[in-house]
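# Working through the structure, step by step
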Amino acid sequence: MTDSVTTTTPTDKGLSSDEAAHLLQQYGPNALEEEKVSLLKKLLGYFWGPIPWMIEVAAILSAAVRHWADFFVIIALLLFNAGVGFWQEYTAGNAVEALKKELAQKARVLRDGAWKLIDATGLVPGDIIRIRLGDVVPADGRIVEGDYLSVDQSALTGESLPVTKKQNEAIFSGTIIKQGEVVVEVTDTGKNTRFGKTAGLVEQAKTVSHFQKAVLTIGDYLIYVSLVLVTILVLVQFHRHAPWIDLIQFALILTVASIPVAMPAVLSMTMAVGAMLLSKKKAIVTRLESIEEMASMDILCSDKTGTLTQNKLTLGDIEIFNAEDDQKVLLMASLASREEDKDAIDEAVLQGLQDKSHLQAFTQTKFVPFDPVHKRTEATVQGNDGTPFLVTKGAPQIIMEMANLNETDQKRAVKVVDDFAAKGYRALGVGMKKENDQVWTFLGILSLFDPPREDSAETIARAKKYGVQVKMVTGDNQAIARQIAGKLNLGTNILKSEILPVSGQQKNISGDIKEAVEQAEGFAEVFPEHKFSIVKILQGRGHITGMTGDGVNDAPALKQADVGIAVSGATDAARAAADLVLTSPGLSVIITAIEEARRIFERMNAYAIYRISETLRIMFFVSITMVYFNFYPITAVMIILLAFLNDLPIMTIAYDHTLLDQQPVRWNMRQVITVATSMGIVGIVGSFGMLLLAMDWLHLVVAQIQTYVFLKMAVAGHLVLFVARTREHFWKRPFPAPIMMFAFLLTQLTSTLLAAFGFGLITPITWPEIALIWAYSIGSAIVTDLVKVMVYHHLQHKTPRHRSFVKKLSRSFFPSHFHGRKAANQ
């Protein structure tokens, strides 16, 4: 209830806090029960599957031949892999749960005689709640006050058209309010709701982003390469009558070390860490996979009100038509408002009223809230004399039409609206009529000004710097849109929505209209259905498109956009459809999200290059050495130790410092393959150079050569991670994150001490030999880095013939659909 205007309600107090607490204990929280897997079951899952089986078989074979040192090291690897995988999944899961809590649905409930905003999970049967346009109904209930609701029940029944609900009729949890505002008594909550009873039959499909598909396909490719090389190796060694148990054990361990076991965990961890960082910056990611689209976005269609402007409306001049004075116009506009709804327009109107005590002389018996179709509010009011009358406020053209103005007043009203618009003011028409009258009286026009946010112009400049074009989308008229756009340096090429197609007309859009939409700097007089058309047209022109929205009717456009963004204060329906939910107003949060998404993308890109080059280096070097020189260049235990030492730095990739790309980034499989293969070839050549030094110059025995190779692979492998993490020379900024450097120093100290002292696991070598390995590895890393920079430079300036060759090569390994986007699948 408002403090000023008396309203009629079905109950004065609702439930008390004590009653609600008792019922909550009786019925449980208003939430669906989630089937949660126990932590122990999750942990045990890491010991079951193809990769764990390989390690377990290798351990059994070690025990069979009584190689107990190998056995315990292999078991330690099994436990370590399981622990790392479990910890990463647990961390990512906690991050997602924390994000879900930040997006918890709220409900307006009457408790202890006052309206409160609480978490919807706290609702109980018997609660009195208010629901309105854009809300997702939080529980099953019965309408006890209000004329009607238009409800979208498609999530529950599959009905495509909204259903009308009237007083005393039931409404159901999970449905969406399309029009109207009512008071409801809750009848069922949680699993007892209609939605709760049917939810068990519904499973939501989990989408995998193009980036994840591509990286996982790289994983498959590396598995195939590893299996082919291991098969050749096994056949050759069998032909040489090598001991089969040792050979099978070595082959299994080599395969495990080569397969990118950690890839899914690294992906999830990196995205979850990025999502948590974004949530601290007031941007909540609802779908981790949408981070890729955010990094690729090149057009952002932004709402004006509240995003580019402050959404703090200030009352300006008032033009009187059929009223005694401007306070009379304001009084009628105030009676057509509802203070507790905290609507920005209502608050501006009420603040402009000089004497609010005048409101106490009236009782508001019925209120019809604003909706995007009718574009006005309406209230039935009773005065002290008992005579009922109606008041309305809304879009001037709507109120003018209802008042049936004469030609003189019509021209004057249009001019007033245009003059206000030229100053950047929004106009609001006010009217009234007696209950039985047919025609409304046009009282006057209010002007409201919503100034641009102080940071908007700077933020738009930042977006342009990052290759993202911002297009303003507003329901205001063209003159206001141009005035605001001019202030923000967006440009003044503002299209009116009348040229845009609506639902069902998208297939017959002319090329001229598509071109106009692409070139436009903003859109005026836009309805929600026009937003959907704008997104479809821009996607059809090859753009990765972001769209902001806040209303229930924005949901289709947010769902269609590559990045749907629900702005601060958005309805539940808009938040449910969005990929990114903002919890603070303004555009700067979105630009921050784009920056972080690009950093995450770069980390994943670096990991892919590192993983390919390392697998090629290890597999080809070991296989060729065994086939050509007929000895194991590295033992199974050493491979296990390398796997231990590699896991720690890889886990720190999620926290690494990266360059911020100034243009939208897209997955470039050809570049990744070419760079990684080039680095891998340099690594293979470097490894053979080191092997020949050990054999022909130092004249080491096989056991020492194996230690020699082990340390070289440990040191050089981690240096390759530093080479892969940037497109520039690795000694330039940005420097690695401190946690990555700490992991590197810790693992290299461990591998160096192992090589020096052996500890019963490997044959020790001398400190001069260790110093030689370090010097050689650093030199090899520098050569690899120089080759990497040359390849990047070549790819940026290569001829069409070269481009065609690389394109054919990459397509022979990877499906072309990884280069596609959401728009291509519509």
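In what follows, the accompanying structure is described. (Residues numbered from 1 in each chain as written. Predicted model: local features only at pLDDT ≥ 70, side-chain atom pairs only at ≥ 80, totals over all residues. Heavy atoms only, no water.)

### Here we look at the overall build of the chain
Here is the rule: Runs of H or I in DSSP of at least four residues are treated as helices and runs of E of at least two as strands, each being numbered from the N terminus. We call two residues in contact whenever any of their non-hydrogen atoms come within 4.5 Å of each other. Per-residue and other accessible areas follow the Shrake-Rupley method at a 1.4 Å probe size, with only the shown protein chains counted as cover for residues.
If you tally the helices and strands in the chain, you get 28 helices and 24 strands. In the chain, of all internal contacts separated by at least 6 residues, the share reaching a separation of at least 24 is 74%. Only carbon and sulfur atoms are counted for the fraction: they give 57% of the accessible area of the chain, which is about 36,600 Å².

### Brief notes about the pairing of strand S18 (residues 441-449)
For a regular strand, side-chain orientation follows a simple rule: the groups alternate between the two sheet faces. Operational definition: Note on exposure labels: buried denotes an accessible area under 20% of the residue type's maximum, exposed denotes more than 50%, and partly exposed covers the range between, all computed with a 1.4 Å probe on protein chains only. Strand pairing is assigned whenever DSSP detects at least two bridges linking the two strands.
Counting buried positions along S18 gives 7 out of 9 residues, so the element sits mostly inside the fold. The sheet contact formed by strand S13 (residues 314-320) and S18 spans 5 bridges and is antiparallel. Bridged to Leu-315 within S18 is Leu-448. Pairing of strand S17 (residues 425-434) with S18, which is carried by 8 bridges, proceeds in the antiparallel orientation. In the sheet register, Arg-426 faces S18, and the bridge partner there is Leu-448. In textbook terms, the turn of a hairpin is the stretch between consecutive antiparallel strands, and for S17 and S18 this stretch comprises 6 residues.

### Details of the pattern of salt bridges
What counts, and what does not: Counted as salt bridges are all cases of a side-chain nitrogen of Lys or Arg within 4 Å of a carboxyl oxygen of Asp or Glu.
On inspection of all chains with the given rule, the structure shows 25 salt bridges. Here Lys-496 makes a salt bridge to Glu-525, at a shortest N to O gap of 3.9 Å. Taken together, the residues Lys-496 in strand S20 (residues 494-496) and Glu-525 in the loop between strand S21 (522-524) and helix H19 (528-540) connect sequence positions 29 residues apart. The exposure class of Lys-496 is partly exposed, given its relative accessible area of 28%.

### Notes on helix H27 (residues 767-797)
Residues three or four positions apart in an α-helix share a direction because the helix packs 3.6 residues into each turn. Definition in use: Here a helix's expected span is defined as the number of its residues, less one, multiplied by 1.5 Å.
The terminal C-alpha atoms of H27 lie 45 Å apart, and with 31 residues this matches the ideal 45 Å at 1.5 Å per residue to within 8%. Along H27, the residues that are buried comprise Glu-769, Ile-770, Ile-773, Ser-777, Ser-780, Ala-781, Thr-784, Asp-785, Lys-788, Val-791, Tyr-792 and Leu-795. The inward-facing, buried residues of H27 abut helix H22 (588-629), helix H24 (669-697), helix H25 (702-724) and helix H26 (738-757).

### Concerning the packing of aromatic side chains
Let me state the cut-off plainly: When the centres of two rings from Phe, Tyr and Trp lie within 6.5 Å, Trp using its six-membered ring, the rings pair. Their planes under 30 degrees apart give stacked, over 60 give edge-to-face, and anything left gives tilted. The rule is short: NZ of Lys or CZ of Arg within 6 Å of the ring centre and within 35 degrees of the ring normal puts a charge over the ring.
Evaluated as defined, the whole model comprises 11 aromatic pairs. Seen in terms of ring centroids, Tyr-425 and Phe-449 are 5.4 Å apart; in terms of plane orientation they differ by 50°. Their pairing is tilted. Remark: Phe-449 occurs in strand S18 and Tyr-425 occurs in strand S17; sequence separation between them is 24 residues. Judged by its relative accessible area of 23%, Tyr-425 is partly exposed. Through a chain of ring-to-ring contacts, the aromatic side chains of Phe-420, Tyr-425 and Phe-449 assemble into a single cluster. The side chain of Arg-130 reaches across the aromatic face of Trp-115, ending 4.6 Å from its centre.

### Description of the environment of Ala-714
Along the chain, Ala-714 falls in helix H25. Judged by its relative accessible area of 1%, Ala-714 is buried. With 68 residues separating them in the primary sequence, Ala-714 and Asn-646 have C-alpha atoms 7.8 Å apart. For Ala-714, the contacting residues outside a window of four places in its chain are Leu-642, Gln-748 and Ser-751.

### Comments concerning helix H14 (residues 396-403)
Under the convention used in this document: Regarding the arc, it is the one traced by the directions from the helix axis to the C-beta atoms.
Every buried residue of H14 is listed here: Pro-396, Ile-399, Met-400 and Ala-403. Viewed along the axis of H14, the buried residues span an arc of 100°, placing them on a single side of the element. The elements touched by buried residues of H14 are strand S15 (376-382), strand S16 (388-394), helix H15 (407-422), S17 and S18. Taken from the residues just after H14, Asn-404 is the one with a positive phi, measuring 55°.

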